[in-house]
Amino acid sequence: MFSGRSWILRKARPHDRNPAGPVPRISWAARVREAGAPLAIRPYRLHFTARLLSWTGSAVAPIGLAFAVLKIGGGPGALGAVLAASVVPQILLLLVGGVVADRLSRARVMVWSNVVCAVAEAAAVLLLVSGTARVWHLVAMSAGCGAAGAFFTPAAGGIVVEVVPAELRHAANALLKIGQNTVKVAGPALGGVLIAVVGPGWALGWDALTFAASALLFSRISLKTKTVKVRTGFTADLREGWDDFRSRRWLWVMVCQAAVIVPVWLVGYQLLGPVYGQQVLGGAAPWGLVVSGFTAGLVAGAALALMWKPRQAGVVVCAGTGSMAVPLAAMATAVPLPVLVAATGVAGTGLAVSTTVWASLVQERIPADRLGRTLSHSTLGQFLPVPFGYLLAGPAAHLVGLRTTLATGALIITAAAIAPLANAQVRGLCLAPHATKDADGTVTTAGAER
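Nothing here was measured: the structure is a model prediction, and the numbers come from that model. For every chain, the first residue of the written sequence is number 1, and numbering continues from 1 onward in sequence order. Only residues with pLDDT of at least 70 get local features here, since the model is predicted, and only at 80 or more are side-chain atom pairs given and counted; chain-wide, interface and lining totals rely on the full set of residues. To obtain the side-chain values, all non-hydrogen atoms of the structure were used and water was disregarded.

**Topic: the overall build of the chain**
Inference 1: Scanning the chain from N- to C-terminus turns up 17 helices and 2 strands.
Inference 2: By the convention used here, residues are in contact when the closest approach between their heavy atoms is within 4.5 Å. A separation threshold of at least 6 residues defines the contact pool for the chain, and within that pool the share at least 24 residues apart is 87%.
Inference 3: Note on areas: these come from Shrake-Rupley sampling with a 1.4 Å probe, and a residue is covered only by the protein chains present in the view. Surface summary for the chain: the accessible area is close to 20000 Å², and the carbon and sulfur share equals 69%. Runs of E in the DSSP output that reach at least two residues are strands. Runs of H or I that reach at least four are helices, and both are numbered from the N terminus.

In C-alpha cells form, the structure reads like this:
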C-alpha cells in the first residue's frame, strides 16, 4: 500500500500465507490518499479521461443503434445481425490483437482502434441523417468497431502496467471501474433523451465524437520504448503466448470458470431476465428497477475495491463471481420485487470487486511483455461460449420452464464459482500489499510466482 514509506520485501514462495511478512497497519487517511494517487500521474490521468469519455459514448450507442435499425425498417433479426457483427470479428482477431499489443506501443494501438471506430460511426451517421442508410451499412459499421475492439482490449488492459507503479495499480483499476460503472447509470437515460430530441443517428454521432476525443487523448500518452525486443515471428509469438497461458494453472482454471459463468449469467440476466420481468413482474418498469439495483451495485463494488485490497485474491474473485447466482436464484423462487432488486445489487457489488481484483492480480503476475497475449486468451475464453448460450436458452426455457431454467443457471454459477477453490494455486492467490524495485529496476512483489 502507498503510505509515504518504503517496505522491503523478500521473494515469496507461491503458497506462503503471508509472503510479505507482517502487514503494516494502514490508516483510513492513507487509504484515501492512495485511492486518488494514480490520478496524479499524467499518463494515467490521460488514460482515465479518455476511457471515461469513450464510456459515455458506449453507454448511449446500443440504444441509438437499436432505434437506428428500427428507423430504417429492420426488425429483431436485423438488429441481431448488427449485434453479432460486432462480436464475430473480436472472436476471430483477439489473439492477433494480443500479439500486436505486446509488439507495438499500446498507446498507439489504442489511438488507431479509436480512430477506426470514429470513422466507421461517422460514416453511419452521415448515411442515417441523409436517409440513405441500409441495414448492411450498420452491419459493416458494427463489424469495423468489433475488429478495432479486438486490438483495443488487450492494449488497454496492459497499458496500466506501463504508466502506474505496481503499488498503485489496484487503485488505478478500481478508479477505472468506478468511472465505467457510474457512466452505466446515467448513459441509457442520456441515450433516450438524445434519441427523443435529435434522433438515433445523432446518438451514434455522440459515440463517434467520444471515440475521436479519446484517440486525441491517447495520442498524448508518452510511453517508454519496450525493453524487450521482438526477435521472433508472428506465429512464434502466438505460440509463446499460448504456452505461457497454459503453463499457469491458476490462470486457465479461472478462465475456464469464466467461460462457464459469463454465458450463463448473460443468458439468465440479459436474455431471460426481461422475459421474467414481463411475465412475472408485470412489465418493463419493475424490471428497470432491477437493472438499477445491479448498476448501483456495480458502483458500490468499485468504490469498495478502491478502498480495500484483499490479500486472499483467489477466494475473493470466486466469491464475487459466485454472487452472480443470487439474482437468478431470486427470480427462480419468485421473491418480492424489493428483494430481487437487493439481490441484483449484491451481484453487481460482487462482480465489480471480483473484476477489479482479477485485473490487479493478472497485472501483478504476468510479465509486461506477455500481458497483451494473456488478456486476449482470457477474453477469448469468455467470448466463445456466449453465442451457444444464447442459442440454447430459448429452447431450454420452453422445454423445462423459465423458473427451472433460471434455477439451473444459479446452480451452475454456484458450482463453477466454488470448483476452482479445489486447486491449491487458486486458493493461494494473493495480492502483494506493497512493491519495491530491485537494484536492477525489476519490480519485486509478494506472491509473484506461478
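**A closer look at the packing of helix α12 (residues 325-332) against helix α16 (residues 402-418)**
Inference 1: In this analysis, axes come from line fits to C-alpha atoms, helices being fitted only over the stretch in contact, and the angle between any two N-to-C directions falls in the range 0 to 180 degrees. In contact at an axis separation of 8 Å, α12 and α16 are set at 155° when each is read in the N-to-C sense. Considering the angle they form, α12 stands roughly antiparallel to α16. For the element pair α12 and α16, the recorded crossing hand is left-handed. Between α12 and α16, the residues in contact are A325, L328, A329, M331 and A332 and R403, L406, A407, G409, A410, I413 and T414, respectively. For this classification, under 35 degrees means roughly parallel, over 145 means roughly antiparallel, 65 to 115 means roughly perpendicular, and everything else is oblique. Helix crossings are classified by the rotation of the near helix relative to the far one: an anticlockwise turn of less than a right angle makes the crossing left-handed, while a clockwise turn makes it right-handed.

**Section: the packing of aromatic side chains**
For any pair of aromatic rings, geometry is given as the distance between the ring centres together with the angle between the planes.
Inference 1: Note on aromatic contacts: the rings of Phe and Tyr and the six-membered ring of Trp form a pair at centre separations within 6.5 Å, being stacked when their planes are under 30 degrees apart, edge-to-face when over 60 apart, and tilted otherwise. The full count for this structure, using the stated rule, is 8 aromatic pairs.
Inference 2: Measuring from ring centre to ring centre gives 4.7 Å for W265 and Y269, while their planes differ by 10°; the resulting arrangement is stacked. Within this pair, W265 and its partner Y269 are both found in helix α9 (residues 249-281), separated by 4 residues, close to a single helical turn.
Inference 3: Only protein chains enter the area calculation, which uses a 1.4 Å probe; residues under 20% of their type maximum are buried, those over 50% are exposed, and those in between are partly exposed. According to the relative accessible area criterion, W265 is buried, its value standing at 6%.
Inference 4: With 5.5 Å between their ring centres and 40° between their planes, W265 and F294 make a pair best called tilted. You can see W265 sitting in helix α9 and its partner F294 sitting in helix α10 (residues 284-307), a full 29 residues away along the chain.
Inference 5: Taking the relative accessible area as the measure of exposure, F294 reaches 9% and is therefore buried.
Inference 6: Put simply, the rings of W265, Y269, W287 and F294 touch in pairs and so form one group of aromatic residues.

**Concerning the confidence of the model for the chain**
Inference 1: Residues with a pLDDT of 70 or more make up 84% of the chain, whose mean pLDDT is 80.
Inference 2: The pLDDT score gives, residue by residue, the confidence of the prediction method on a 0 to 100 scale. Averaged over each element, pLDDT in the chain is lowest for strand β2 (residues 443-445) (41) and highest for α12 (95).
Inference 3: Counting interchain partners and residues more than four positions distant, the pLDDT-below-50 stretch residues 1-23 has 48 contacts.
Inference 4: Contacts of residues 434-450 to residues separated by more than four positions or lying in other chains number 49 contacts, the stretch itself having pLDDT below 50.

**Some thoughts on a nonpolar patch on the surface**
Inference 1: Like-charged residues within 9 Å of one another, or nonpolar side chains (Val, Leu, Ile, Met, Phe, Trp, Tyr) within 5 Å, are grouped into patches, provided each residue has over 30% relative accessible area and no salt bridge. One speaks of a salt bridge when a side-chain nitrogen belonging to Lys or Arg is within 4 Å of a carboxyl oxygen belonging to Asp or Glu. Taken together, the side chains of V129, V193, V197, V198 and W202 define a hydrophobic patch exposed on the protein surface, amounting to about 490 Å² of accessible area.
Inference 2: The greatest single-element share of the nonpolar patch, amounting to 3 residues, is contributed by helix α6 (residues 169-198).
Inference 3: On the secondary structure map, V193 appears in helix α6.

**Digging into the environment of T49**
Inference 1: In this structure, T49 sits in helix α2 (residues 42-71).
Inference 2: Given the relative accessible area of 34%, T49 is considered partly exposed.
Inference 3: Separated by 164 residues in sequence, T49 and A213 have C-alpha atoms that sit 9.8 Å apart.

**Brief notes about the pattern of salt bridges**
Inference 1: In the structure shown here, the tally under the stated rule is 3 salt bridges.
Inference 2: Between R106 and D102 there is a salt bridge whose closest N-O contact spans 2.8 Å.
Inference 3: Overall, D102 belongs to the buried group, its relative accessible area being 7%.
Inference 4: Across the pair R106 and E162 runs a salt bridge whose closest N-O atoms are separated by 2.9 Å. One end of the pair, R106, is in helix α4 (residues 106-130); the other, E162, is in helix α5 (residues 135-163), with 56 residues separating them in the sequence.

**Overview of the nonpolar core**
Inference 1: Among buried residues, the Ala, Val, Leu, Ile, Met, Phe, Trp, Tyr and Cys ones that are joined through side-chain atoms within 4.5 Å form a nonpolar core. Counting 35 residues, the largest nonpolar core has Y44, M110, V164, F218 and I221 as the members making the most contacts within it.
Inference 2: Within the residue set of this core, elements represented by two or more residues are α2, α3 (76-103), α4, α5, α6, α7 (200-218) and α10.
Inference 3: When neighbours within four sequence positions are excluded, Y44 is seen to be in contact with P38, L39, V163, V164, A172, L175 and L176.
Inference 4: Y269, L272, Y276 and A410 belong to the second-largest nonpolar core, a separate cluster that totals 32 residues.

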